[in-house]
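Descriptive structure summary
Given next are the chains, with one letter for each unit.
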Amino acid sequence: MKKTPPVSTRRRALLTLLLLALLGLASLFVALAAGSIAVTPGDMLAALFGSGGIDSAHGAHSPHSLAAEVVRELRLPRALAAFACGGLLALAGALMQVLLRNPLADPYVLGISGGAAVGALGAMLAGLPLLFVNGGAFAGALGAMLLVFGLARGEGAWTQTRLLLTGVIVAAGCGAAAALILSVAQEQALRGMLFWLMGDLAHAGAPWPALALLALALALAAPFARDLNLLARGDLTARALGVPVARLRGGVYLLASLATATAVTAAGSIGFVGLVVPHLTRLAIGNDQRVLLPAAALAGGALLTLADTLARTVVAPQQLPVGVLTALIGVPLFLFLLARSQKTMGTPGP
Amino acid sequence: MTLLRARELNVGIGAVRVADRLDFDLAAGERLVILGRNGAGKTTLLTTLAGLRLPAAGAIELCGQPYAALGPRQAARLRGLLSQGQHDAFQSTVLETALIGRHPHLGRWDWEGREDERLAHTALAAVGLSGLDARAVHTLSGGERQRLAIAALLTQQPQLYLLDEPLAHLDLNHQIAALDLFSRRAREDGAGIIMALHDINLALRHADRALLLFGEGRTLEGPADEVINADTLSRLYGHPLRELIDGGQRYFVPA
């Protein structure tokens, strides 16, 4: 007989989240410190909490104020944007997996990134400035979301299969449109388009909207996390236990779509984070959404922050697309955890 | 006290008419068995009675109130549904699964506490799954999963149990144990039981009343001893049955 196991208690959950929050902070610290200009911890504190390096005692162009400025103006916004996008993608992925009851689901499975790609690449093709590229991406993401929602709703019956099929088909259509844009684009625009498609945080812009949405999404999902646990077990089970399934699924779809649209707008379609981070987290701490959702958000944020730091440092001054690195880090980590979990979970019990 | 009241109930699914103008009351402590051929609509009727499907016409009241007035959460505290065939997309443990029955009793921000865990352990013990708390559900056998689903239902502590083929995947001793368990809930706690069964002889032993679904919307409802006989059963299943009597207990076997 095995010993009585721990249930997901509040205390254990808080401990897990605390550890992940520390990991997130550590990843931000690394992101601020790493780069071609050396930054001491003192510079970093001065940059983050000081009254500002430029007009302080060091004078306008001392190396310290330069480092502080690099941290504050360049690295901090980019690190925060990476953290927010990673968190949003992981959260959206976890929500989509519950919504579709499909472990293979990711934030992009329902065509949101495809729509965003068409919008962004279209703007790039027309030679519009960055603001319009971002606007196009967000508009495209929302367009795809509304299209899938409207088509899948159809006769009122809103099954997972119907939603999944509609989404996959819309995504395929968007993929074809994006490929069409790539094939007619001029040489010099191609590189920017490819980076957008692989995910790139160099043009992320101000991180605050994404961070605010991440906090809001987590706050909105938290009180419904136990309902989501039941939804993951199936519609009928959830409804029999008093979960208002139709409303819940509509809300989850909206929240996951908005999170994805925001992340994609800021950073292009960074793959892998949204699929693998929820699984990594699930393998490590189980499938209780009350812990899983915030844990996935923190882990996704940390992973993308680290990946982006690597992307801009390993072959500096050349930058790599961050989506490639998330996969390069995530794949071995995931395979390792999967192999380990087979050993522990697969053994027959008493 | 009347737990469930159905009036002028019309139930159908697709082109199949399950019940036309069905009337019945289920009092506390009563056990009703639903019998019918495959595809006669037993599951449809049970989900309708559980308030999870709207009837084509008619009214259903649970503990004196229609489902619309109760709302899903309050309804889930009063009635529980054991559905067929659970398919798990994600892993979970035996204890986590048994605890899902507590959901309607917990507030939005509540976590399962000691009392909930105690109830889950009692339920797991009642179905013979003690000591398996940490086992991953997907490593259980079909019969063990069915017993786990029953444990989750017991943890829910409803007044009305709606059981869709509760004996599926169970071997004989567990079939009897499960029916004894629900009969005890009815006798001791005044719970109401409505169950769809395939085994006529077990139905006779464990039901007070029977509802026969003949198809085309025709139904017959009444005391189990009267409603279940060789004639009605032969009509119900489209195959002749014979009645045997042993020690005062009636048995039906295919002729």
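Residues numbered from 1 in each chain as written. Chains lettered and ligands numbered in written order. Predicted model: local features only at pLDDT ≥ 70, side-chain atom pairs only at ≥ 80, totals over all residues.

Digging into the overall build of chain B
When you go through chain B residue by residue, the secondary structure sums to nine helices and 12 strands. Taking 2.2 N^0.38 as the reference for a compact globule, 255 residues should give roughly 18 Å; the C-alpha atoms of chain B span a radius of gyration of 18 Å, in line with that estimate. Summarising its shape, the C-alpha atoms of chain B cover approximately 50 × 40 × 35 Å along the three principal directions. Residues classed as buried in chain B amount to 44% of the 255 residues present. Contacts in chain B between residues at least 24 apart in sequence constitute 65% of all its contacts with a sequence separation of at least 6. (Helix = DSSP H or I, 4+ residues; strand = E, 2+ residues; numbered from the N terminus. Rg over C-alpha atoms; globule rule 2.2 N^0.38 Å. Buried ≥ 20, exposed ≤ 12 C-beta atoms within 10 Å, placed from the backbone. Contact = placed C-beta atoms within 7 Å.)

Considerations on the sheet that holds strand β9 (residues 209–215) of chain B
As a general point, the strands of a sheet are linked pairwise by backbone hydrogen bonds and lie either parallel or antiparallel. Residues and elements named next belong to chain B. Spatially, six strands are ordered β6-β7-β8-β3-β9-β10 in an open sheet, and the strand pairing comes out mixed. Lying at the two open borders of the sheet, with one neighbouring strand each, are β6 (79–82) and β10 (218–223). Each adjacent strand pair in this sheet contributes to an overall mean axis angle of 15°, direction not counted. In the sheet, β6 pairs with strand β7 (residues 160–164) via four bridges, with the strands oriented parallel. Among the inter-strand pairings, L81 is bridged to a residue of β7, identified as L162. Contacts between helix α5 (residues 142–156) and the sheet are confined to β6 and β7, with β6 contributing the most and set at about 175° to the helix. (Pairing = 2+ DSSP bridges. Axes fitted to C-alpha atoms, helices over the stretch in contact; angles between N-to-C directions.)

Describing the sheet that holds strand β4 (residues 57–62) of chain B
Residues and elements named next belong to chain B. Ordered in space as β2-β1-β4-β5, the four strands form an open sheet in which the pairing is antiparallel. A single partner strand is all that each edge strand has here, and the edge strands are β2 (16–27) and β5 (65–66). As defined by bridge partners, strand β1 (residues 2–13) adjoins β2 across eight bridges and the pair is classed as antiparallel. Paired with V11 across the two strands is A19, which belongs to β2. Along the sheet, helix α1 (residues 42–49) contacts β1, β2 and β4; its crossing angle with β1, the most-contacted strand, is approximately 130°.

What to know about helix α4 (residues 112–125) of chain A
All names here are of chain A. An ideal rise of 1.5 Å per residue puts 20 Å on 14 residues; α4 measures up with 20 Å between its terminal C-alpha atoms. Counting buried residues along α4, 12 of its 14 residues qualify, which places the element largely inside the surrounding structure. When we look at burial in α4, the residues that qualify are I112, S113, G114, G115, A116, A117, V118, G119, A120, L121, A123 and M124. Packed against the buried residues of α4 are α5 (130–153), α6 (160–184), α7 (187–198) and α11 (245–267). Directly after α4, the chain includes G127, whose backbone phi takes a positive value near 75°. (Expected span 1.5 Å × (residues − 1).)

Description of the nonpolar core
In terms of nonpolar packing, the biggest core is built from 189 residues, with C85, L88 and L91 of chain A touching the most fellow members. The dominant element in this core, judged by the number of residues it contributes, is helix α3 (residues 63–99) of chain A, at 21 residues. (Core = buried A, V, L, I, M, F, W, Y, C linked by C-beta atoms within 7 Å.)

Details of unusual backbone geometry
One non-glycine residue with positive phi stands out, namely F272 of chain A, at about 80°. Note on placement: F272 of chain A falls in the loop between α11 and α12 (273–285). Take F272 of chain A: there are 24 C-beta atoms within 10 Å of it, and that puts it in the buried class. Despite not being glycine, Q157 of chain B shows a phi value in the positive range, around 50°. Along the chain, the position of Q157 of chain B falls in the loop between α5 and β7.

Points about the packing of α4 of chain A against α11 of chain A
Relative orientation and spacing of two packed helices are given, respectively, by the angle between their axes and the distance between those axes. Residues and elements named next belong to chain A. At their nearest, the axes of α4 and α11 sit 10 Å apart, and the two run at 35° to each other. Handedness of the crossing formed by α4 with α11: right-handed. Here α4 contributes I112, S113 and A116 to the contact with α11, which in turn contributes S257, T260, A261, V264 and T265. Taken together, the residues that form the contact of α4 with α11 break down as four nonpolar, four polar and no charged. (Left-handed = near helix turned anticlockwise from the far one by under 90°. Nonpolar A, V, L, I, M, F, W, Y, C, P; charged D, E, K, R; others polar.)

A short note on the environment of T232 of chain B
Residues and elements named next belong to chain B. Mapped onto the elements of the fold, T232 is located in helix α9 (residues 230–237). Note on T232: 18 C-beta atoms within 10 Å, which makes it partly exposed. Counting along the chain gives 10 residues from T232 to R242, while the straight-line C-alpha distance between them is 11 Å. In this structure T232 touches L212, L220 and V227, once residues within four positions along its chain are discounted.

Looking at the interface of chain A and chain B
On the side of chain B, 33 residues touch chain A, which itself brings 29 residues to the contact. Secondary structure elements with two or more residues in the side of chain A that touches chain B: α9 (225–231) and α10 (235–240) of chain A. Top contributing element to the side of chain A that touches chain B by residue count: α10 of chain A, with four residues. Its residues placed into classes, the side of chain A that touches chain B shows 15 nonpolar, eight polar and six charged.

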